[in-house]
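What the coordinates show
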Amino acid sequence: MPLISNKGNQMPESPIRKLVPYAEAAQKKGKNIFYLNIGQPDIKTPQVALDAIKNSTIETLAYSRSEGAESYRIKIAEYYERNSIAVSHNDIIVTTGGSEALLFAFGSIMDQGDEIIIPEPFYANYNGFSTASGVNVVPVISKIEDNFALPPIEEFEKLITPKTKAILICNPGNPTGYLYSKEEIKQLADIVKKHDLFLIADEVYREFVYDDVSHYSILQEPGLEQHAIVIDSVSKRYSMCGARIGYLVSKNKDFIKTALKFAQARLSPPTLAQIASEAALDTPQSYFDDVKEEYVKRRNTLIEALEKIDGVKVANPNGAFYCIAELPVKNSDHFAKWLLESFDYNNNTVMVAPAAGFYSTPGVGLNQIRIAYVLNEDSLRTAVKILEEGLKVYKD
Ligand SMILES: Cc1ncc(COP(=O)(O)O)c(C=O)c1O
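Residues numbered from 1 in each chain as written. Predicted model: local features only at pLDDT ≥ 70, side-chain atom pairs only at ≥ 80, totals over all residues. Heavy atoms only, no water.

1. Digging into a nonpolar patch on the surface
- Taken together, the side chains of Ile53, Ile58, Leu61 and Leu272 present a nonpolar region at the surface, about 320 Å² in accessible area.
- For Ile58, a relative accessible area of 39% gives the class partly exposed. (Patch = residues over 30% accessible without salt bridge, like charges linked within 9 Å, V, L, I, M, F, W, Y side chains within 5 Å. Areas by Shrake-Rupley, 256 points an atom, 1.4 Å probe, with all protein chains shown as cover. Salt bridge = Lys/Arg side-chain N within 4 Å of Asp/Glu carboxyl O. Buried < 20%, exposed > 50% of the residue type's maximum accessible area, 1.4 Å probe, protein only.)

Right under this line is the structure:
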């Protein structure tokens, strides 16, 4: 038998999807499941984007330029301009989702055995992209007690070795919902400048920021031009996860030149989806205002309901649409399976994401879950009630 690579064997399973077989079995038994485990928004895609596809007169679905269509990149640069971020279209490479932007960024700045420091819990696929790139993740633990704020900067500094090439943050965070302050970004900027590292910020949730606080992008930080790499995506911003469009943004010319070689190797980002994504940039502000209002209501409903449950501790998210909750259980992986396999409340149950998969330090986050508030308020109330009833009867 030909053998699978070590890298292949080491690729982690998605902590979000690994419970799917249990959910399918529960559904076959006739149980109704509330899905709190996955970040697929139930929000409609902006009409301008859908219309652009419907009205397209394209006759040949050709490759686009490897860096993405110029007209699209020019409009993306204008979008950043509107958000007080000064970049040119030449600083942008369109990718197949933020996922490919992450892969290109890792490939462009890190070699086999290099290290990247990431505050955890973090978006679980950073582990997969690191494995695929032969890079070692060095975690810094952020804590639920601190609402998952940036850990003290000395904690990062202690971990820097000759192999360290970058620090990666997600702002606002998946799975924490934490929004880094300008002061926190400045601390990170100082340390990457001091040690000549890259600072990668995954800002795919930039628009999802609540409570009148504003998002401070690493691209706004003066003096960080050669260090800053932003990962962006249309997936959540316009509820266009299936378009598979994202982008890399950096003012570092060597980085962009290198990332472009990766982009050339895969020829082109999706052409039709770029047409939709370009049109999405004309989405009226009212769309975002409505979406934000909806998420704020959902977040408030969810957090309020969770806080009422005995023994549950929850961080208060300022952004994105996730939160981490600590449960009075020893092992949330087991609890999540049990909810699907062995429990129902009036024939309903919930699917949650065990949080251990969002940490790379073994044994951390075992009693935590991630909840995505991508369901309407009524469903969220019902889902939390089911969780509460489950906790009453569950035995570790
Ligand atoms: C933090 C974060 N980064 C990147 C991605 C990748 O998204 P996509 O490849 O759909 O742009 C996601 C998707 O959920 C995410 O949550």
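2. Some details on the sheet that holds strand S7 (residues 228-233)
- Spatial strand order, S2-S8-S7-S6-S5-S3-S4: seven strands in an open sheet with mixed pairing. Single-partner strands in this sheet number two, and they are strand S2 (92-95) and strand S4 (136-141). In this sheet, adjacent strand axes meet at a mean angle of 20° when their direction is disregarded. (Pairing = 2+ DSSP bridges. Helix = DSSP H or I, 4+ residues; strand = E, 2+ residues; numbered from the N terminus. Axes fitted to C-alpha atoms, helices over the stretch in contact; angles between N-to-C directions.)

3. Quick look at the pattern of salt bridges
- If you walk through the whole model with that rule in mind, you get 25 salt bridges.
- Among the salt bridges present, the one from Glu100 reaches Arg266, with a minimum N-O distance of 2.9 Å. With a gap of 166 residues between them, Glu100 in helix H5 (residues 97-109) and Arg266 in the loop between helix H9 (253-265) and helix H10 (271-280) connect regions that are remote in the sequence.
- On the accessibility criterion, Arg266 (19% relative accessible area) is buried.
- When the shortest N-O distance is used, the salt bridge between Glu157 and Lys194 registers 2.7 Å. With Glu157 in helix H7 (residues 153-159) and Lys194 in helix H8 (residues 182-195), this pair connects stretches of sequence that are 37 residues apart.
- The exposure class assigned to Lys194 is exposed, which follows from its relative accessible area of 59%.
- Each of Glu203, Arg206, Glu207, Asp232 and Arg237 takes part in one network of salt bridges that share partners.

4. With respect to the pairing of strand S13 (residues 368-372)
- Counting buried residues along S13, five of its five residues qualify, which places the element largely inside the surrounding structure.
- Here S13 shows no split at all, with Gln368, Arg370 and Ala372 on one side and Ile369 and Ile371 on the other all buried.
- Pairing of strand S12 (residues 353-354) with S13, which is carried by two bridges, proceeds in the antiparallel orientation. Bridged to Pro354 within S13 is Ile369.

5. With respect to the site of the ligand
- Near the ligand you find 13 residues, and of these Gly98, Ser99, Asp202, Ser233 and Ser235 are the closest.
- Note that a nitrogen atom of the ligand is positioned 2.6 Å from one of the side-chain N or O atoms of Asp202.
- Residue Arg244 places a side-chain N or O atom 2.7 Å away from an oxygen atom belonging to the ligand.
- Isolated, the ligand exposes 400 Å² of accessible area, and the fraction of that covered by the protein chains is 93%.
- Tallying contributions element by element places H5 first for the shell around the ligand, with three residues.
- Here the residues of the shell around the ligand sort into four nonpolar, six polar and three charged. (Near = heavy atom within 4 Å. Polar contact = N/O pair within 3.5 Å; in protein donor to acceptor, adjacent residues only side chain to side chain. Nonpolar A, V, L, I, M, F, W, Y, C, P; charged D, E, K, R; others polar.)

6. Topic: the domain arrangement of the protein
- Segmenting the protein into domains produces domain 1 (6-44 + 286-393) and domain 2 (61-280).
- A straight line from the C-alpha centre of domain 1 to that of domain 2 covers 26 Å.
- Domain 1 puts 39 residues into the contact, and the matching count from domain 2 is 34 residues.
- Both faces combined, the contact of domain 1 with domain 2 buries some 3,200 Å², and carbon together with sulfur accounts for 60% of it.
- The salt bridge partner of Asp211 is Arg299, with a shortest N-O separation of 2.8 Å.
- Applying the counting criterion to the domain 1 and domain 2 interface returns 17 residue pairs in polar contact (both at pLDDT 80 or more).
- Put simply, the parts of the chain that give the side of domain 1 that touches domain 2 at least two residues each are helix H1 (6-10), helix H11 (285-307), strand S9 (313-314), strand S10 (322-326) and S13.
- The greatest single-element share of the side of domain 1 that touches domain 2, amounting to seven residues, is contributed by H11.
- For the side of domain 1 that touches domain 2, the per-class residue count stands at 22 nonpolar, ten polar and seven charged. (Domains from an automatic or database assignment. Contact = heavy atoms within 4.5 Å. Buried area = accessible area lost by both parts, 1.4 Å probe.)

7. Details of the environment of Lys7
- As for its placement among the helices and strands, Lys7 is situated in helix H1.
- In the structure, Lys7 is positioned 241 residues away from Leu248 in sequence and 25 Å away in space, judged by C-alpha atoms.
- Setting aside anything within four residues of it in sequence, one finds Lys7 in contact with Thr131 and Ala132.

8. A look at the packing of H5 against H9
- Interhelical geometry of H5 versus H9 gives an angle of 120° and a closest axis separation of 9 Å. The angle between the axes of H5 and H9 places the two elements in the oblique class. In this structure, H5 crosses over H9, and the sense of that crossing is right-handed. Of the residues in H9, those in contact with Phe104, Ala105, Gly107, Ser108 and Ile109 of H5 are Phe255, Thr258, Ala259, Phe262 and Ala263.
- Residue classes in the contact of H5 with H9 are distributed as seven nonpolar, three polar and no charged. (Parallel < 35°, antiparallel > 145°, perpendicular 65-115°, else oblique. Left-handed = near helix turned anticlockwise from the far one by under 90°.)

9. Considerations on the packing of aromatic side chains
- In total, this model carries 22 aromatic pairs according to the counting rule given.
- Relative to Tyr247, the ring of Tyr72 lies with its centre 6.2 Å away and its plane at 85°, an arrangement referred to as edge-to-face. In this pair, Tyr72 sits in helix H4 (residues 70-82) while Tyr247 sits in strand S8 (residues 246-249), placing the two residues 175 residues apart along the sequence. In this pair, the class of Tyr72 matches that of Tyr247, namely buried.
- A centroid spacing of 6.3 Å and a plane angle of 90° characterise the contact between Tyr80 and Tyr247, whose relative ring orientation is edge-to-face. Taken together, the positions of Tyr80 in helix H4 and Tyr247 in strand S8 put the pair 167 residues apart, joining distant regions of the chain. Accessibility classification places Tyr80 together with Tyr247 in one group, the buried group.
- Taken together through their ring pairs, the aromatic side chains of Tyr205, Phe208, Tyr295, Phe321, Tyr322 and Tyr373 make up a single cluster. (Phe/Tyr/Trp six-rings, centres within 6.5 Å; stacked < 30°, edge-to-face > 60°.)

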